[in-house]
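Residue strings, one per chain:
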Amino acid sequence: MAAKKTASRPRATKNELFDYYHTMLLIRRFEEKSGQLYGLGLIGGFCHLYIGQEAVVTGLESVAEEGDNRITAYRDHGHMLACGMHPNGVMAELTGRSGGCSRGKGGSMHMFSKEKKFFGGHGIVGAQVPIGAGLAFAEKYNATGQVTFTYFGDGAANQGQVNETFNMASIWKLPVVFVIENNQYAMGTSTDRASATEALYSRGAAFSIPGESADGMDVLAVREAGLRAAEHCRSGKGPYILELQTYRYRGHSMSDPAKYRTRDEVQQVRKEKDPIDLVRTLLLEFKSVTEDDIKAIDLEVRAAINEVEEFARNSPEPDESELWTDIYV
């Protein structure tokens with residue numbers, strides 16, 4: 001099943017590009033601050049940063065409609081911010097404070113927002129994929145016309161439950177976009193060492209699910225591919241697989257020294273493919289946009305992240321009585 005190709009670079013308005021730039025920069029600076037706070041011991045447990053992959057969720061959120069669902073794995077902070085969850089609540093959750101999205105109980109991998117229809121944050125590799133299909137089943141059953149964006153990585157693509165979900169989603173024509181964030185490394189194993197095919201999107205062929213691959217470092221390419229995928233699902237044709245070729249700059253988690261790749265490899269991607277730099281370049285192609293306009297956004301985002309840190313540090317830890325709330329038995 002061949003990937004679709006766009007004839008030329010997709011276009012965007014100046015305001016759209018400013019929005020994308022702001023969102024991606026917010027994610028980048030938030031994650032950098034998360035790494036700092038983790039190093040200071042203020043964030044415990046596992047912590048997986050989204051630095052380098054910002055264009056994926058920013059592009060797809062630009063095509064999501066009110067009421068659509070999103071669910072992902074443990075590299076989830078960027079998805080939370082892109083769908084509109086307040087960064088104060090996200091950072092407070094990372095630091096285990098009562099002002100967090102899950103009142104300090106979920107941490108990095110297990111927070112959600114019913115209001116924003118963000119359903120996690122899942123620590124088990126691939127476990128969110130069948131849940132995403134379940135969310136899509138509910139939307140179809142209730143005839144809402146909404147789509148579920150189910151994100152997972154190249155490593156999770158090899159999990160058995162993913163193929164089981166593909167089969168079921170195809171049989172029932174569920175409105176689910178399966179988003180493979182292929183950042184080239186499943187923990188420390190490169191995709192070409194772990195997958196029998198480089199085209200992960202083509203795995204849907206066995207289940208009659210169409211799909212395509214797109215440049216996940218280009219927010220406009222992501223948006224165009226996302227529009228096709230979402231429209232396919234909204235029109236009642238069933239699921240769609242979208243493989244987005246991206247790259248994470250940091251290790252798999254904060255405890256990963258990433259010795260399975262060279263520093264030169266990372267620097268080359270940063271230099272040639274950085275998703276934020278691309279949007280910055282596109283903005284400066286508008287004669288009405290100046291370096292000062294872009295610096296103003298940079299300053300605004302930095303100020304916002306300082307406020308986020310202050311909120312998280314000042315938010316109290318949960319009361320001991322919280323140990324007995326939100327449990328079944």
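The structure this text deals with has already been given above.
These numbers come from a predicted model, not from an experiment.

1. Description of the layout of surface pockets
Size it by volume and the largest pocket reaches roughly 320 Å³. What lines the largest pocket is a set of 23 residues, and nearest its centre among them are Ala73, Tyr74, Phe152, Gly153 and Asp154. When residues of the lining of the largest pocket are traced back to their parent elements, those giving at least two are β2 (148–153) and β4 (185–186). It is β2 that provides the largest number of residues to the lining of the largest pocket, a total of three residues. Grouping the amino acids of the lining of the largest pocket by side-chain chemistry returns 10 nonpolar, 10 polar and three charged. In this structure, the second largest pocket encloses a volume near 200 Å³. If you trace the second largest pocket, you find it lined by Cys101, Ser102, Arg103, Lys105, Gly106, His110, Phe112, Asp326, Ile327 and Tyr328.

2. Section: the side chain of glutamate 243
With respect to the helices, strands and loops of the structure, glutamate 243 is situated in strand β7 (residues 240–245). Although glutamate 243 is buried, it makes no salt bridge; arginine 203 carries the closest opposite charge, 8.1 Å away. Among the polar contacts made by the side chain of glutamate 243, one reaches the main-chain amide nitrogen of leucine 200 at a distance of 2.9 Å.

3. What about the pairing of β7?
Among the six residues in β7, five count as buried, and that is most of the element. Note: strand β3 (residues 176–182) against β7, six bridges, orientation parallel. Residue isoleucine 180 lies in a different strand from β7, and its bridge partner there is glutamate 243. Relative to β7, strand β6 (residues 211–215) is paired through five bridges, and the arrangement is parallel.

4. Here we look at the environment of phenylalanine 18
Among the secondary structure elements, phenylalanine 18 is positioned in helix α1 (residues 14–39). A C-alpha to C-alpha distance of 16 Å links phenylalanine 18 and aspartate 274, two positions 256 residues apart in sequence. Among residues more than four places away in sequence, those in contact with phenylalanine 18 are Leu283, Val289, Asp293 and Ile297.

5. Side note on the packing of aromatic side chains
Think of a pair of aromatic rings as described by two things: how far the centres are apart, and how the planes are tilted against each other in angle. As enumerated under the stated definition, the model contains seven aromatic pairs in all. Judged by centre distance (6.5 Å) and plane angle (55°), the rings of tyrosine 247 and tyrosine 249 are tilted. Ring pairing ties together the aromatic residues Tyr185, Tyr247, Tyr249 and Tyr260, which thus form one cluster.

6. Here we look at the sheet that holds strand β1 (residues 69–71)
Taken together, five strands build an open sheet; the order of strands is β1-β2-β3-β7-β6 and the sheet is parallel. Only two strands of the sheet have a single partner each, and these edge strands are β1 and β6. Strand-to-strand twist of the sheet, defined as the mean angle between neighbouring strand axes without regard to direction, takes the value 20°. Packed on one face of the sheet, helix α6 (residues 160–171) meets β2, β3 and β7 and runs near 150° to β3.

7. Structural notes on the side chain of aspartate 274
Here aspartate 274 shows up in the loop between α9 (263–273) and α10 (275–284). Engagement of the side chain of aspartate 274 in a polar contact is seen with the side chain of tyrosine 249, the distance being 2.8 Å. At 3.0 Å, the side chain of aspartate 274 and the backbone nitrogen of aspartate 277 are in polar contact. If near-sequence neighbours (up to four positions away) are discounted, aspartate 274 is found in contact with Arg28, Tyr249 and Val269.

8. Details of α10
Turn by turn, an α-helix covers 3.6 residues, leaving residues three or four places apart pointing in a common direction. Every buried residue belonging to α10 is among Pro275, Ile276, Val279, Leu282 and Leu283, and all of these are buried. One side of α10 carries all its buried residues, which in axial view fall inside an arc of 125°. Of the surrounding secondary structure, the elements contacted by the buried residues of α10 are α1, α2 (54–61), α8 (219–234), α9 and α11 (291–314). Between the side-chain oxygen at the start of α10 and the backbone nitrogen of isoleucine 276 there is a gap of 3.1 Å, and the oxygen is on aspartate 274.

9. Considerations on the packing of helix α5 (residues 128–141) against α6
Two numbers describe a pair of packed helices, the interaxial angle and the distance between the axes. Direction vectors running N to C along α5 and α6 enclose 20°, while the axes themselves pass 8 Å from each other. In terms of orientation, α5 lies roughly parallel with respect to α6. Relative to α6, α5 is oriented so that their crossing is left-handed. Residue-level contacts link Val129, Pro130 and Ala133 of α5 to Gln161, Val162 and Thr165 of α6. Partitioning the contact of α5 with α6 into residue classes produces four nonpolar, two polar and no charged.

10. Details of α6
In this model, α6 (12 residues) spans 17 Å end to end at C-alpha, consistent with the 16 Å of a helix rising 1.5 Å per residue. Residues Val162, Thr165, Phe166, Ala169 and Ser170 constitute the buried set of α6. One face of α6 carries all of its buried residues, which in axial projection span an arc of 125°. Along α6, exposed side chains directed more than 90 degrees from the buried face belong to Glu164 and Ile171. Against the buried residues of α6 lie α5, β2, β3 and β7. Following α6 by one or two positions, lysine 173 adopts a phi angle in the positive range, close to 50°.

Scoring rules and cut-offs
Residues numbered from 1 in each chain as written. Predicted model: local features only at pLDDT ≥ 70, side-chain atom pairs only at ≥ 80, totals over all residues. Heavy atoms only, no water. 1 Å grid on protein atoms, 1.4 Å probe; cavity = no way out; pocket = protein on both sides within 12 Å on 5 of 7 lines; lining within 4 Å. Points joined across faces, edges and corners; volume = space filled by probe spheres on them. Helix = DSSP H or I, 4+ residues; strand = E, 2+ residues; numbered from the N terminus. Nonpolar A, V, L, I, M, F, W, Y, C, P; charged D, E, K, R; others polar. Buried < 20%, exposed > 50% of the residue type's maximum accessible area, 1.4 Å probe, protein only. Lys, Arg positive; Asp, Glu negative; His and termini not counted. Salt bridge = Lys/Arg side-chain N within 4 Å of Asp/Glu carboxyl O. Polar contact = N/O pair within 3.5 Å; in protein donor to acceptor, adjacent residues only side chain to side chain. Pairing = 2+ DSSP bridges. Contact = heavy atoms within 4.5 Å. Phe/Tyr/Trp six-rings, centres within 6.5 Å; stacked < 30°, edge-to-face > 60°. Axes fitted to C-alpha atoms, helices over the stretch in contact; angles between N-to-C directions. Arc of directions from axis to C-beta. Parallel < 35°, antiparallel > 145°, perpendicular 65-115°, else oblique. Left-handed = near helix turned anticlockwise from the far one by under 90°. Expected span 1.5 Å × (residues − 1).

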